[in-house]
Amino acid sequence: MTTAAPRTQVVTQHRFGGPDVLEIEERPRPDPGPGELLLRVHAAAVDPADRTARSGTVPLYGDPPFTLGHDVSGEVEEVGAGVTRFRPGDEVFGRIDGGGHATHVTAPAGHFAARPAGLDHAHAAAAPTAVLTAWHALIDIARIGPGSRVLVRAAAGGAGHVAVQLAKAEGAYVIGVAAAEDHGFLRDLGADELVDDTAGDLAESVHDIDAALDLVGGDDALRTLDTLHPNGILLCTVPADLGLAPEDAEARGLRFALVRADPSGALLSRIAPLLADRRIRVHVATTLPLTKAAQAHERAEEGRSRGGIVLVPHP
């Protein structure tokens, strides 16, 4: 009598399109290669890159079929050759290069950090891209500090609400742009000033910004330039719809940077204490089972979501 090979469920798609292209398939469970972990996924976030990859707007993985999912939290089931930092049973979170919308996934061990104490899997899964984006933009590139004036567009979203808190932790004066109904939420997170995102010309009420984090792109990016201090920097996270060319900023003597959130277990380990003691609180707007991935994408595309949207493979 032979034992059936272990299986895993994945969310996949065989063509580009709307949320309806997402479907569940069963596959052989992957084995970790050298330097990799096999993770039993307890939670996986849906982020903007997942939606643009699914639609084909930014073909991150080439042509379908593929499985989305960058941000995961779960339990190590196996480790590959050469992995000494983690062992089976450890609970970890991290940003990976795709494939996280599944019950199991393999990825390099260096992409993971120990799950912060007191943070459940859903909130841990919502954290990696948000905190890595905010840290890279505001700390590594803009080098904000006490007294810096920081503007965050889409401030109530997944990366936005984390950026607000990180900027405050660094002593900055933070101005958030968000829907009026989210202003109370952002005040509780420490925002000093709030602007309704349906208001007219932002530059009429906001000025002398040292670092503007644009999580929206399009026309908003170009308009945001008008809020900057002469030595200010515009940090954009939307490569598919920048809304400007770097030369537009340079022509005004301003700086521009495109921000990427690359996997880094080392940086997540450095940030983990901020998550563990709730100096940075990650908000989860919605948690859905893995089988409802299409519904999760529909909710994400509605916009106006406070914090992250998370899939739970093992409800």
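Residues numbered from 1 in each chain as written. Predicted model: local features only at pLDDT ≥ 70, side-chain atom pairs only at ≥ 80, totals over all residues. Heavy atoms only, no water.

Novice: Can you help me understand the pattern of salt bridges in this one?
Specialist: A side chain of one charge can pair with a side chain of the opposite charge when the charged atoms of the two come close. With the rule as written, the count across this model stands at 11 salt bridges. Between R95 and D47 there is a salt bridge, with the nearest N and O atoms lying 3.9 Å from each other. In this pair, R95 sits in strand β5 (residues 91-95) while D47 sits in the loop between β3 (36-46) and α1 (48-55), placing the two residues 48 residues apart along the sequence. Taking relative accessible area as the criterion, D47 reaches 7% and is therefore assigned buried. With a shortest N-O distance of 3.0 Å, D192 and K168 are connected by a salt bridge. (Salt bridge = Lys/Arg side-chain N within 4 Å of Asp/Glu carboxyl O. Helix = DSSP H or I, 4+ residues; strand = E, 2+ residues; numbered from the N terminus. Buried < 20%, exposed > 50% of the residue type's maximum accessible area, 1.4 Å probe, protein only.)

Novice: Looking at this model, I keep getting lost on the sheet that holds strand β12 (residues 228-236). Mind explaining?
Specialist: Two strands in a sheet stick together by hydrogen bonds in their backbones, pointing the same way (parallel) or opposite ways (antiparallel). Taken together, the 6 strands give an open sheet; going across it, the order is β10-β9-β8-β11-β12-β13, and neighbouring strands pair in parallel fashion. Each edge of the open sheet carries a strand with a single partner, namely β10 (193-196) and β13 (255-258). Averaged over all pairs of adjacent strands, the angle between their axes in this sheet comes to 15°, without regard to strand direction. The pairing of β12 with β13 spans 4 bridges and is parallel. For C236, the partnering residue across the bridge sits in β13 and is L258. On top of the sheet, helix α3 (residues 128-141) reaches β8 (149-153), β11 (209-214), β12 and β13; it is set at about 150° to β12, its chief contact. Strand contacts of helix α4 (residues 158-169): β8, β9 (173-178) and β11, with the helix running at about 170° to β8, the strand carrying the most contacts. (Pairing = 2+ DSSP bridges. Axes fitted to C-alpha atoms, helices over the stretch in contact; angles between N-to-C directions. Contact = heavy atoms within 4.5 Å.)

Novice: What is the right way to read the packing of α3 against α4 from this model?
Specialist: The angle between the axes and the distance between the axes are what describe a pair of packed helices. The geometry of α3 relative to α4 is characterised by a closest axis approach of 8 Å and an angle of 50° between their N-to-C directions. Overall, the two elements α3 and α4 adopt an arrangement that is oblique. Considering how the two elements wind past one another, α3 and α4 form a crossing that is right-handed. Listed contacts from α4 to A130, V131, A134, W135, L138 and I139 of α3 are G158, A159, V162, A163, L166 and A167. The residue inventory of the contact of α3 with α4, partitioned by class, reads 11 nonpolar, 1 polar and no charged. (Parallel < 35°, antiparallel > 145°, perpendicular 65-115°, else oblique. Left-handed = near helix turned anticlockwise from the far one by under 90°. Nonpolar A, V, L, I, M, F, W, Y, C, P; charged D, E, K, R; others polar.)

Novice: Where do I start with the nonpolar core in this structure?
Specialist: Among soluble globular proteins, nonpolar side chains are generally buried collectively. Grouped together as the largest cluster of nonpolar side chains are 54 residues, with contacts concentrated most on L138, I144, V152, L186, L235 and L275. The element that contributes the greatest number of residues to this core is α3, accounting for 8 residues. Look past the residues within four positions of L235 in its chain and what remains in contact with it is A137, L138, I141, A142, A211, A212, L213, D214, A257 and V259. With 17 residues, the next largest nonpolar core counts I175, A221, V238 and F256 among its residues. (Core = buried A, V, L, I, M, F, W, Y, C linked by side-chain atoms within 4.5 Å.)

Novice: What is the right way to read the environment of I280 from this model?
Specialist: Within the secondary structure layout, I280 lies in the loop between α8 (265-276) and β14 (284-289). Here I280 falls in the buried class, since its relative accessible area comes to 3%. Along the primary structure I280 and E250 are separated by 30 residues, whereas in three dimensions their C-alpha atoms are 33 Å apart. Not counting the four nearest positions on each side in its chain, I280 is found in contact with V162, Q165, L166, L274 and L275.

Novice: Sorry if this is basic, but what is going on with the packing of aromatic side chains here?
Specialist: Aromatic ring pairs are reported here in terms of the distance separating the ring centres and the angle at which the planes meet. One pass over the structure, following the stated rule, counts 2 aromatic pairs. Measuring from ring centre to ring centre gives 5.1 Å for Y61 and F66, while their planes differ by 50°; the resulting arrangement is tilted. When its relative accessible area of 24% is taken as the criterion, Y61 is described as partly exposed. Under the relative-accessibility criterion, F66 is labelled buried at 9%. Through a chain of ring-to-ring contacts, the aromatic side chains of F16, Y61 and F66 assemble into a single cluster. (Phe/Tyr/Trp six-rings, centres within 6.5 Å; stacked < 30°, edge-to-face > 60°.)

Novice: Mind showing me how you'd approach α1 here?
Specialist: Helical geometry note: an α-helix holds 3.6 residues per turn, so side chains three or four residues apart project in the same direction. Taken together, the buried positions of α1 are D50, A53 and R54. Viewed along the axis of α1, the buried residues span an arc of 100°, placing them on a single side of the element. Put simply, D47 is the residue that caps the front of α1, since its side-chain oxygen is 3.1 Å from the backbone nitrogen of A49. Backbone geometry just downstream of α1 places G56 in the positive-phi region, at approximately 90°. (Arc of directions from axis to C-beta. Polar contact = N/O pair within 3.5 Å; in protein donor to acceptor, adjacent residues only side chain to side chain.)

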